[in-house]
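Chain and residue survey
In case you want the letters, here they are:
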Amino acid sequence: MSAASTIVSFPAGALEGEGVVTHRESTPEGAVIVVDRTPFHPVDHTWPDQPGDSGVIGVGDEQARVDEAVMAAVSDEGVFAVGAEIPVKRGAEGWTWLVGHRVAGQAPERLVAGASITLAVDAVRRAGLSRGHTACHLASLALDLAVADLWRKDPGADALGNPDFEGRANQSSRIHEDGAIDEYRLGKSLRRAGFDTETFASTLAAREAQINAQLAAWVSSGASSRIETEGSTIVDRRRWHCELPEGEAVILCGGTHVASLSEFASISVALELTDPQLLVMTTTAVPAD
Ligand SMILES: [Zn+2]
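Cut-offs used in this document
- Starting afresh in each chain, residues are numbered from 1 along the sequence in its written order.
- Since the coordinates come from a predicted model, pLDDT governs what is reported: local features require at least 70, and pairs of side-chain atoms require 80 or more to be given and counted, while whole-chain, interface and lining totals use all residues.
- Note that the side-chain values use all heavy atoms of the structure and ignore hydrogens as well as water.
- Note on aromatic pairs: the rings of Phe, Tyr and Trp (six-membered ring only in Trp) are paired at centre separations within 6.5 Å, and the planes decide the class, stacked below 30 degrees, edge-to-face beyond 60, tilted for the rest.
- For every domain, the bounds stem from an assignment made automatically or drawn from a database.
- Should any heavy atoms of two residues lie within 4.5 Å, those residues are counted as being in contact.
- When two parts are put together, the accessible area they lose, computed with a 1.4 Å probe and summed over both, is reported as buried area.
- Any carboxyl oxygen of Asp or Glu that lies within 4 Å of a side-chain nitrogen of Lys or Arg is treated as forming a salt bridge with it.
- Each polar contact in these results corresponds to two N or O atoms within 3.5 Å; when the atoms are within protein, one needs to be able to donate a hydrogen and the other to accept it, and residues that are neighboring in sequence are counted only if both atoms are side-chain atoms.
- Going along the chain from the N terminus, every DSSP run of H or I of four or more residues is numbered as a helix, and every run of E of two or more is numbered as a strand.
- Categorising residues by exposure relies on relative accessible area from a 1.4 Å probe, with only protein chains included: less than 20% of the type maximum marks a residue as buried, more than 50% marks it as exposed, and the intermediate range marks it as partly exposed.
- A donor here means an N, O or S atom no more than 2.8 Å from the metal, or no more than 3.2 Å when the metal is Na, K or Ca. Since water is not included, a site may seem to lack partners.
- Nonpolar cores were defined as sets of buried Ala, Val, Leu, Ile, Met, Phe, Trp, Tyr and Cys residues, with membership established by side-chain atoms within 4.5 Å.
- Strand pairing is assigned whenever DSSP detects at least two bridges linking the two strands.
- To get an axis, a line is fitted to the C-alpha atoms, and for a helix only the part in contact is used. The angle between two axes follows their N-to-C directions and goes from 0 to 180 degrees.

Things to note about the packing of aromatic side chains
- One pass over the full model with this rule turns up six aromatic pairs.
- In this structure an aromatic cluster arises from ring pairing among Trp151, Phe165, Tyr184, Phe195 and Phe200.

Notes on the domain arrangement of the chain
- Domain annotation for the chain reports domain 1 (7-121) and domain 2 (125-287).
- Taken over C-alpha atoms, the centre of domain 1 sits 29 Å from the centre of domain 2.
- Each side of the interface is counted separately: domain 1 has 25 residues, and domain 2 has 20 residues.
- Between domain 1 and domain 2 lies a buried interface of about 1,800 Å² when both sides are counted; carbon and sulfur atoms form 57% of it.
- When the buried surface of domain 1 facing domain 2 is broken down by residue, Pro11, Asp49 and Gln50 rank first, second and third, together holding 29% of it.
- In this assembly, domain 1 and domain 2 are joined by one salt bridge.
- One salt bridge connects Arg126 with Asp53, and the closest N-O pair in it is separated by 2.7 Å.
- Between the two partners, domain 1 and domain 2, sit 10 residue pairs in polar contact (both at pLDDT 80 or more).
- Contributing elements (two or more residues each) for the side of domain 1 that touches domain 2: strand E1 (7-8) and strand E8 (95-103).
- Ranked by residue count, the leading element in the side of domain 1 that touches domain 2 is E8, at three residues.

Let's talk about unusual backbone geometry
- In this structure, Asp178 is a non-glycine residue whose phi angle is positive, near 60°.
- As for its position among the elements, Asp178 is in the loop between strand E10 (170-176) and strand E11 (179-185).
- Accessibility expressed as a relative area gives 18% for Asp178, which makes it buried.

Here's the deal with the coordination of the zinc ion
- Protein coordination at the zinc ion comes from His133 (NE2), His137 (NE2) and Cys253 (SG), with a distance range of 2.1 to 2.3 Å.
- Here the donor residues of the zinc ion share one chain and are spaced in sequence as H-x3-H-x115-C. A residue pair is termed long-range when its members are at least 10 positions apart, and His133 in helix H1 (residues 123-146) and Cys253 in the loop between strand E14 (247-252) and strand E15 (264-275) qualify at 120 residues. Judged on exposure class, the residue His133 and its partner Cys253 are both buried.

Quick word on the nonpolar core
- The biggest cluster of nonpolar side chains holds 38 residues, and the ones touching the most others in it are Leu138, Phe165, Leu215, Leu244, Leu261 and Leu279.
- Every element with two or more residues in this core is listed here: H1, helix H2 (165-169), helix H5 (204-221), strand E13 (238-244), E15 and strand E16 (278-287).
- Residue contributions to this core peak at seven residues, all from H1.
- Discounting residues that sit within four places of it in the chain, Leu279 has contacts with Leu143, Phe165, Asp182, Glu183, Tyr184, Leu186, Phe200, Leu204, Leu271, Glu272 and Leu273.
- Listed in part, the 27 residues of the second largest apolar core include Val8, Val35, Ile57 and Ile86.

Section: the sheet that holds E15
- Taken together, the four strands give an open sheet; going across it, the order is E10-E11-E16-E15, and neighbouring strands pair in antiparallel fashion. With partners counted over all chains shown, the strands left at the sheet margins are E10 and E15, one partner each. When strand polarity is set aside, the average angle formed by the axes of neighbouring strands in this sheet is 15°.
- Pairing of E15 with E16, which is carried by nine bridges, proceeds in the antiparallel orientation. Each residue of the ladder has a partner; that of Val269, found in E16, is Thr283.

A look at the side chain of Asn162
- Within the secondary structure, Asn162 is located in the loop between H1 and H2.
- Exposure remark for Asn162: the relative accessible area of 16% places this residue in the buried category.
- Not counting residues within four places of it along the chain, the set of residues in contact with Asn162 comprises Leu145, Gly156 and Ala157.

Details of the pairing of strand E5 (residues 55-59)
- In terms of burial, E5 is largely enclosed, as four of its five residues are buried.
- In terms of strand pairing, E5 meets strand E6 (residues 62-75) through five bridges, oriented antiparallel. Bridge assignment links Gly55 to a residue of E6, and that residue is Val66.
- The antiparallel pairing of E5 with E6 creates a hairpin that spans two residues between the two strands, and Gly60 there sits at a positive phi of about 60°.
- Sheet analysis places E5 next to strand E9 (residues 116-121), joined by four bridges and oriented antiparallel.

The following block contains the structure:
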């Protein structure tokens, strides 16, 4: 198979493209089709926050539905691995990094190495996931700001220069269309790092209100949002940039995002501390008309 990493066009917002199949892998969940270039955003195998794009690939007059785009990799020794089976972190030496398209049902026979195909991402779902991902980042920045007074020691700075609660405590982030769920560990190590969890717990409702006021202000700013890349392949680093009134936020991020905060009618969060060791932040975005 081809030794080059997949070229991706989703960071610039592409939804359609053409490519050549470089590999077809049979898996228990169906065929995974690797293409030299693609507009599909794949779910990351090490930090699976944003689900992979779904859509359609066409070969000749046949079409195949793509359930989800996934990461794939092939080692210099020729070992091919998909998603969670990839035994190394993204970008590790000795591996070529690929986008796989997991095809639903029986894949057309013509969908093999060498075939020229068309690719079309489900635009409605992509837009919803992009709003969910941008809302997730903004909610995290607003959370950092809303708990900034609770640090007795400097935990390091976030993308806006505020104490980095997100970086210290976030243990998982799950993005869906128009929203996200983030989990934060409030255990002993966070207390030892200087965070006042007791005051946080007793002032939860006020903190939530502060986050929501900040999010409303950011949405009304209509700030621009974009992705910058260091190169054109799936393994090149990508960063989300957002020109907030307080300054430009820049966050290392592999996902997709809106072009402007004017794409939102609102973003809001709910904070839950049902387990005193675990903060759950549920973020909900409402698209503008
Ligand atoms: Zn991100």
